[in-house]
Structures are given as C-alpha cells and as structure tokens.
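Listed below, chain by chain, are the residues.
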Amino acid sequence: MNSKKAFSLIEVAVILIIIGLIVAALAIGEQLIRQAKLKTIVTDLKNFKVAIDLFDQSYDSLPGDITNASSFWPVCTNQSSPVVNNCNGNGDLTIQELYEGMRMWEHISLAKLIDNNYVGKDTIGTGNQFNPDENAPALPMGQGCYGGASAVNSAIWYGLSSNIIITLGATSTNASCQNGAFTPKEAFYLDTKIDDGMAETGRILSTEGDAIKTSNPNDCSNGDYNLSINSTSCRTIYDFSL
C-alpha cells in the first residue's frame with residue numbers, strides 16, 4: 001500500500017499564502033531600505049553645502065576652482081595621462097564639470113571638511129569617468145555618484161545659471177554622474193523634502209537622464225513628476241546658488 005500522502009487543496013492554499021506573504025514582506029523591506037537611503041541623500045546634500053560654504057570662506061575660492069590648491073596640499077598632484085587634469089583650478093569662479101568637478105571633492109576632503117578621502121583623477125576610465133567612492137562620493141543607492149559642476153546658461157537645466165551645482169545620477173563608462181538614478185517618485189520625494197516639488201523650478205531640478213524629455217508622458221521634467229512610472233529614469237541636481 002502506498003504510504004505517500006498528497007497535499008490537500010487547503011495545504012496548497014496555505015503554502016501559497018505563506019509564499020505571497022514572504023514576497024510582500026521582501027518588497028516592503030526593499031521600499032523601506034530605499035526610503036532610508038533617500039533620507040541619507042537629503043542629509044548628504046545639507047552636509048555638502050556646509051562643506052562647500054566653509055571652503056569658500058576659508059580659502060576665498062570654490063573647491064576645484066582654487067588656483068593654488070597644490071600649495072596648501074602638496075599631495076594633490078597633476079595628472080598628465082590619459083588626459084591633463086591639474087590639481088589647481090583656473091580661478092574663473094565656476095566648476096568645470098569633468099576635471100574641476102573631480103578635484104572639487106579632493107580639495108574638500110584634503111581640507112578635512114568631509115569624512116571620506118577622494119582622489120581628483122579618473123584612474124579607471126580614459127580620464128573622464130566619475131567613479132563612486134574614488135573621485136566622487138557615492139549615492140547610497142545604485143551605481144550612482146554626486147558630481148560637482150557649474151550650470152552657466154545651461155539649456156539642459158532649464159536655462160539655469162549657477163556657479164556650483166551637485167548632480168545626482170548614475171555613472172557609466174567615461175561619463176559623469178549624468179544618467180537616471182531615481183524613479184519619478186524618488187526624485188519627487190527629494191524635491192518636496194528640500195524644495196518646491198516641481199521638476200523645473202527651485203533648488204532641486206530633475207530631467208530624464210542628461211536631457212529634458214519633450215514627448216509625453218514625461219517622467220520628471222517640464223514641471224511635473226510622472227508618479228506612475230517605476231523606472232529609474234530621473235537625474236536630479238541641487239543648486240547651491242539659491
């Protein structure tokens with residue numbers, strides 16, 4: 001006589017319910033983790049603003065743009081290959097996106113205004129690559145980073161004119177922090193926590209990656225965030241000039 005006993009429909013139903021609860025719990029846990037990371041980003045941006053303001057007050061220059069950084073910190077050396085990337089900036093009161101944008105984090109860390117240490121060079125790509133936790137602070141989520149730059153009459157940023165901004169985005173080979181790193185909901189969260197909740201106005205601005213999406217429906221530009229979209233299509237900036 002076969003002693004094996006088949007599962008009853010009730011037992012199968014109970015197992016499916018348990019599996020469903022586990023999947024739901026994991027999804028909720030992931031959401032809570034991302035929410036905590038977004039709160040960390042809000043804190044990071046406030047700390048970066050304090051550090052940059054203190055640097056400007058102490059050295060009468062913007063980090064990255066300071067013309068005599070190597071005099072203060074001899075360990076800050078020039079890079080000649082694969083691209084020329086000097087320790088000292090050109091003193092034009094703006095942050096050139098690639099090289100001065102990398103040096104910005106090195107200068108701030110050498111001045112002991114942030115905890116981590118950063119090299120102002122790209123040692124992985126062809127000289128133009130932002131590498132999280134190496135030459136730029138890492139975003140708490142994904143393969144993203146905080147990039148320093150200026151937006152002077154920038155069409156990409158709604159005609160914004162600012163001598164210093166922080167870009168928050170995913171990085172890629174030989175690129176700055178310019179790709180989408182947030183869902184529209186996440187970008188909207190950052191915007192409402194720090195600013196006015198509008199993608200194209202105020203201190204927090206957002207676009208779809210490195211360009212404004214002109215077709216409808218938009219993800220995170222032209223004034224609105226499309227909260228029904230779940231892809232990480234949004235790149236955000238923090239404008240220090242306001």
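Since this is a predicted model, take the numbers as computed values, not measurements.

About the thresholds
Residues numbered from 1 in each chain as written. Predicted model: local features only at pLDDT ≥ 70, side-chain atom pairs only at ≥ 80, totals over all residues. Heavy atoms only, no water. Helix = DSSP H or I, 4+ residues; strand = E, 2+ residues; numbered from the N terminus. Buried < 20%, exposed > 50% of the residue type's maximum accessible area, 1.4 Å probe, protein only. Contact = heavy atoms within 4.5 Å. Pairing = 2+ DSSP bridges. Phe/Tyr/Trp six-rings, centres within 6.5 Å; stacked < 30°, edge-to-face > 60°. Salt bridge = Lys/Arg side-chain N within 4 Å of Asp/Glu carboxyl O. Expected span 1.5 Å × (residues − 1). Disulfide = S-S within 2.5 Å. Polar contact = N/O pair within 3.5 Å; in protein donor to acceptor, adjacent residues only side chain to side chain. Core = buried A, V, L, I, M, F, W, Y, C linked by side-chain atoms within 4.5 Å.

## Overview of the overall build of the protein chain
In terms of regular secondary structure, the protein chain is built from four helices and four strands. Split into buried and exposed, the 242 residues of the protein chain put 44% on the buried side.

## Describing the environment of glycine 101
Within the element layout of this structure, glycine 101 appears in helix α3 (residues 99-110). Remark: the alpha-carbon pair of glycine 101 and isoleucine 164, spanning 63 residues in sequence, is separated by 9.6 Å. Discounting chain neighbours no more than four positions away, the residues touching glycine 101 are Ile95, Gln96, Phe130 and Gly148.

## Some words on the environment of isoleucine 194
Within the element layout of this structure, isoleucine 194 appears in helix α4 (residues 184-194). When the C-alpha positions of isoleucine 194 and lysine 46 are compared, they lie 9.4 Å apart, and in sequence the two are 148 residues distant. Residues within four places of isoleucine 194 in sequence aside, it is in contact with Val42, Leu45, Arg203, Ile204 and Tyr238.

## Let's talk about the pairing of strand β2 (residues 160-170)
Counting buried positions along β2 yields nine of eleven residues, so the element is predominantly enclosed. Alignment of β2 against strand β4 (residues 234-239), held across four bridges, turns out to be antiparallel. What sits directly across from isoleucine 165, in β4, is aspartate 239.

## Re the packing of aromatic side chains
Under the defined criterion, the tally for this structure stands at nine aromatic pairs. Between tyrosine 59 and phenylalanine 72, the ring centres sit 4.9 Å apart and the planes meet at 80°, which makes this aromatic pair edge-to-face. With tyrosine 59 in helix α1 (residues 9-59) and phenylalanine 72 in helix α2 (residues 69-72), this pair connects stretches of sequence that are 13 residues apart. Residue classification places tyrosine 59 among the partly exposed residues on the basis of a relative accessible area of 22%. The rings of Phe55, Tyr59, Phe72 and Trp73 are connected pair by pair, giving a single aromatic cluster.

## Describing the pattern of salt bridges
For the structure on display, the rule yields three salt bridges. The closest approach of N and O atoms between arginine 34 and glutamate 186, which form a salt bridge, is 2.4 Å. You can see arginine 34 sitting in helix α1 and its partner glutamate 186 sitting in helix α4, a full 152 residues away along the chain. Salt-bridge contacts for aspartate 53 lead to lysine 49; the nearest nitrogen and oxygen are separated by 2.9 Å. Placement of both aspartate 53 and lysine 49 in helix α1 is noted, with a separation of four residues, approximately one turn of the helix.

## Here's the deal with α3
Turn by turn, an α-helix covers 3.6 residues, leaving residues three or four places apart pointing in a common direction. The end-to-end C-alpha separation of α3 is 16 Å, in line with the 16 Å expected for twelve residues at 1.5 Å each. Counting buried residues in α3 gives ten out of twelve residues, a clear majority hidden from the surface. Here α3 has its buried residues at Glu100, Gly101, Met102, Arg103, Met104, Trp105, Glu106, His107, Ile108 and Ser109. Taken from the residues just after α3, lysine 112 is the one with a positive phi, measuring 60°.

## Thoughts on the state of the cysteines
Tallying each qualifying case throughout the model produces three disulfides. In this model cysteine 145 forms its disulfide with cysteine 177; the gap between the sulfur atoms is 1.9 Å. Given an S-S torsion of about -115°, the disulfide between cysteine 145 and cysteine 177 has left-handed geometry. Taken together, the residues cysteine 145 in strand β1 (residues 144-154) and cysteine 177 in the loop between β2 and α4 connect sequence positions 32 residues apart.

## Comments concerning the side chain of threonine 167
Within the secondary structure, threonine 167 is located in strand β2. A relative accessible area of 3% places threonine 167 in the buried class. Looking at threonine 167, its side chain comes within polar contact range of the main-chain oxygen of cysteine 177, at 3.5 Å.

## With respect to the nonpolar core
Among the nonpolar cores identified, the biggest contains 38 residues, and Ile41, Leu45, Trp105, Tyr146, Ile166, Leu168 and Phe182 are the most heavily contacted of them. Put simply, the parts of the chain that give this core at least two residues each are α1, α3, β1, β2, α4 and β4. No other element matches the seven residues that α1 contributes to this core. Every residue in contact with isoleucine 41, bar those within four places of it in the chain, is listed here: Leu139, Pro140, Tyr146, Leu168, Phe182 and Leu190. Ala69, Trp73, Cys76 and Ala111 belong to the second-largest nonpolar core, a separate cluster that totals seven residues.

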